[in-house]
Amino acid sequence: MSFDLVFFGGTGDLTWRKLMPALFQAFRHGKLPADGRILAVARDTQSDEQYRAWLRERFQDVDTPKRPTEEEFSRFAEMLFYRRMDLSQPQDYARLKEWLEERRADTVVLYLATSPYLFPVICEQLGRAGLNDPHIRVVLEKPLGHDLRSAQEINRVVRSVFTEQQAFRIDHYLGKPSVQNLMALRFGNVLFEPLWRRESIANIQITLAESIGVGTRGDFYDRTGALRDMIQNHALQLLTMIAMEPPASNDADAIRDEKLKVLRSLKPFAMESVLRDVVRGQYRAGAIDGKPVPGYLDEQKVPADSQTETFVALRTEVQNWRWAGVPFYLRTGKRLAARDAQIVVNFRPTPHNIFGGVSQPNKLVIKLQPEDGLELHLLAAKGALQHDLLSPVFLDLDFDKAFPTERVGAYERLLLDVIAGRLNLFVRSDEQEQAWRWVEPILQAWSLDTSGPRPYKAGSWGPPAASALVARDGFAWAEEQ
Ligand code: BG6
């Protein structure tokens, strides 16, 4: 199979930090179809050779698992090309078309790794240039819009040029191996499904914690905030995977239909419930790994009076028969105590405790990063003299050890899926719009509530109100249990 892959935003951060290293990994693993060309387009004028040299240099700064050797990189670079393009100029799209038609590859992937405000312009121009034949796919990077209206506008333009089958909306969390394992765990095994419901589960917690700050992205981040950056997309996508009904098949639309139903069942927010059930925070100076770090307001390109949230914790419910009354807690933040992304399923206690001591409910921890695995927390008898006292133990499954040679990174996986035309791990427009519809009342309530985000110390787990949110229901976050 031959393919041509075009990166709009070919010199941007996303391209050199994530996309090119992921492609390189796929190439190194022998997974990239051999007959491929990769074209980077951007505003600067440079030759293919200059671009290759520039990328080679950039590769020194990225953490691909193993740095490419000269020989490996030059073999990879044979597939790499560069063209200057002004994205508003029709003649530049005509030139792109000529380049693509030089050989008419089986698949053409147009990856929009640009700022989202350019998506409508690029899609319109692609449509006018006739770059929307069925063998062409378009990939859209998040953030897809800033609110429901802007997301609908982007989708309207995308749909006027491409079919839904041609549109690949990336949420890189869906490419993480543990997220795919979540599907395997739920729908490839019988063990959990009978328990996966309100009768056995007390609450579910999704934590996407980062210890990094906003770095050099202060201007972007300040316009975005944690709710738009992490909750509207990554956290809600994880929630749909946890809460969805078993799909009838492993087909992209069978899965996406079920995910959409979950998003439609989420308890809607109103002003009062936002104030009660959503905690927003902003980090102040503190320490990470013993090293002092500045507060958000002192970060580069952040206004000194910014009210942007760098932390969100919220409580919601999935209002259907399976989940009625079960709290789902979502939490994300920058400059938290650890880089730790995990989903914790807290089961209910046993109905009657025949052993002495405190009974501790079972819990399943799905670890997304830094490790990639599963922990099942149980109680067991130690075999010691006090035979009626149980001790906590856990079964620990480390996927890196279980499948040492086959692990594939999120972007690598997703890029290969786009080339192969597999839509399962991509977000459909109706899912994405429904997610915006659900977060909008939170944004509206915050715009009216002048109290602003609550301060929290860098290196902590967020404002104390986040613990109170869970404690109110008689529960605690995983690290407090
Ligand atoms: C991105 C956000 O979508 O995800 C970033 O824009 C965030 O702010 C990143 O740092 C986290 O991704 P990961 O894979 O490092 O957890």
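Everything numeric in this text was worked out from a predicted model, so none of it was measured. (Residues numbered from 1 in each chain as written. Predicted model: local features only at pLDDT ≥ 70, side-chain atom pairs only at ≥ 80, totals over all residues. Heavy atoms only, no water.)

Visitor: Just checking my understanding: could you explain the site of the ligand for this structure?
Guide: The environment of the ligand is formed by Lys142, His172, Tyr173, Lys176, Glu210, Arg217, Asp229, Met230, His234, Lys334, Arg339 and Gln369. Note that an oxygen atom of the ligand is positioned 2.5 Å from one of the side-chain N or O atoms of Glu210. Between the ligand and Arg339 there is a distance of 3.5 Å, counted from an oxygen atom to a side-chain nitrogen or oxygen. Per-element accounting of the shell around the ligand gives the leading share, three residues, to helix α8 (residues 218–243). Counted by class, the shell around the ligand contains two nonpolar, three polar and seven charged residues. (Near = heavy atom within 4 Å. Polar contact = N/O pair within 3.5 Å; in protein donor to acceptor, adjacent residues only side chain to side chain. Helix = DSSP H or I, 4+ residues; strand = E, 2+ residues; numbered from the N terminus. Nonpolar A, V, L, I, M, F, W, Y, C, P; charged D, E, K, R; others polar.)

Visitor: Hey, could you run me through the UniProt feature "binding site: NADP(+)" (unreviewed entry) in the protein chain in this one?
Guide: Mapped onto the present numbering, the UniProt feature "binding site: NADP(+)" (unreviewed entry) falls on Arg43, Asp86, Leu87 and Lys142. Along the chain, the position of Arg43 falls in the loop between β2 (35–42) and α2 (48–58). Once residues within four sequence positions are removed from consideration, Arg43 is found in contact with Tyr82, Arg84, Met85 and Asp86. On the secondary structure map, Lys142 appears in the loop between β5 (136–140) and α6 (148–161). Classification of Lys142 by relative accessible area gives partly exposed; the value is 22%. Only 3.1 Å separates the side chain of Lys142 from the backbone oxygen of Asp229, close enough to count as a polar contact. (UniProt positions renumbered as here; feature names shortened; annotations may be inferred. Contact = heavy atoms within 4.5 Å. Buried < 20%, exposed > 50% of the residue type's maximum accessible area, 1.4 Å probe, protein only.)

Visitor: Would you explain the pattern of salt bridges in this entry?
Guide: Should their charged atoms come close, side chains of opposite charge can pair. Scanning all chains against the criterion turns up 38 salt bridges. Taking the shortest distance from any N to any O, the salt bridge between Asp253 and Arg256 comes out at 3.4 Å. Here the residue Asp253 and the residue Arg256 both occupy positions in helix α9 (residues 252–265), the gap between them amounting to three residues, near one helical turn. Here Asp253 falls in the partly exposed class, since its relative accessible area comes to 27%. Linking Arg280 and Asp449 is a salt bridge whose minimum nitrogen-to-oxygen distance equals 3.3 Å. With Arg280 in strand β8 (residues 278–284) and Asp449 in the loop between α13 (429–448) and β17 (454–457), the pair connects residues that are 169 residues apart, well separated along the chain. Bridged by salt links that share partners, the residues Asp4, Asp35, Arg37, Glu102 and Arg103 form one connected network. (Salt bridge = Lys/Arg side-chain N within 4 Å of Asp/Glu carboxyl O.)

Visitor: It is not clear to me how the packing of α2 against helix α3 (residues 70–77) should be interpreted in this structure. Could you clarify?
Guide: If you want to describe how two helices pack, look at the angle between their axes and the distance between the axes. It is the contact of α2 with α3, at a shortest axis distance of 11 Å, that shows an interaxial angle of 140°. In terms of axis orientation, α2 runs oblique to α3. Crossing of α2 over α3 shows right-handed handedness. Here Arg52, Leu55 and Arg56 of α2 lie close against α3, whose contacting residues are Glu70, Phe73 and Ala77. When the residues that make up the contact of α2 with α3 are grouped by side-chain class, the tally is three nonpolar, no polar and three charged. (Axes fitted to C-alpha atoms, helices over the stretch in contact; angles between N-to-C directions. Parallel < 35°, antiparallel > 145°, perpendicular 65-115°, else oblique. Left-handed = near helix turned anticlockwise from the far one by under 90°.)

Visitor: What exactly am I supposed to notice about the domain arrangement of the protein chain here?
Guide: How big an interface is tends to be stated in terms of the accessible area lost upon association of its parts. Parsing the protein chain into structural domains produces domain 1 (3–169) and domain 2 (174–252 + 270–408 + 427–433 + 452–480). Taking only C-alpha atoms, the centre of domain 1 and the centre of domain 2 are 33 Å apart. Across the boundary between the two partners, domain 1 contributes 13 residues, which contact 13 residues of domain 2. Here domain 1 and domain 2 share an interface that buries about 1100 Å² over both sides, 46% of which is from carbon and sulfur atoms. In terms of surface lost to domain 2, no three residues of domain 1 exceed Lys142, His146 and Arg169, which account for 45% of the buried area on that side. Along the contact surface separating domain 1 from domain 2 lie two salt bridges. (Domains from an automatic or database assignment. Buried area = accessible area lost by both parts, 1.4 Å probe.)

Visitor: Please explain the pairing of strand β4 (residues 107–112) as it appears in this structure.
Guide: The side chains of a regular strand alternate between the sheet's two faces. Counting buried positions along β4 gives six out of six residues, so the element sits mostly inside the fold. With burial as the criterion, each face of β4 is covered, one bearing Thr107, Val109 and Tyr111 and the other bearing Val108, Leu110 and Leu112. Summarising the sheet, strand β1 (residues 2–8) and β4 pair through six bridges and their orientation is parallel. Each residue of the ladder has a partner; that of Asp4, found in β4, is Val108. (Pairing = 2+ DSSP bridges.)

Visitor: It is not clear to me how the environment of Val302 should be interpreted in this structure. Could you clarify?
Guide: In this fold, Val302 is placed in the loop between β10 (291–293) and β11 (311–316). Sequence separation between Val302 and Glu412 is 110 residues; the distance between their C-alpha atoms is 32 Å. Beyond its immediate sequence surroundings of up to four residues, Val302 is in contact with Val214, Gly218, Asp222, Tyr296 and Leu297.

Visitor: I keep staring at α6 and nothing clicks. Help me out?
Guide: Structurally, the α-helix is built with 3.6 residues per turn, so residues lying three or four positions apart point the same way. Helix length check: α6 (14 residues) gives 20 Å between terminal C-alpha atoms against 20 Å at 1.5 Å per residue, within 8%. When α6 is considered as a whole, its buried residues turn out to be Leu148, Ala151, Ile154, Asn155, Val157, Val158 and Val161. Lining the buried residues of α6 we find α5 (119–128), β5, β6 (167–169) and α13. (Expected span 1.5 Å × (residues − 1).)

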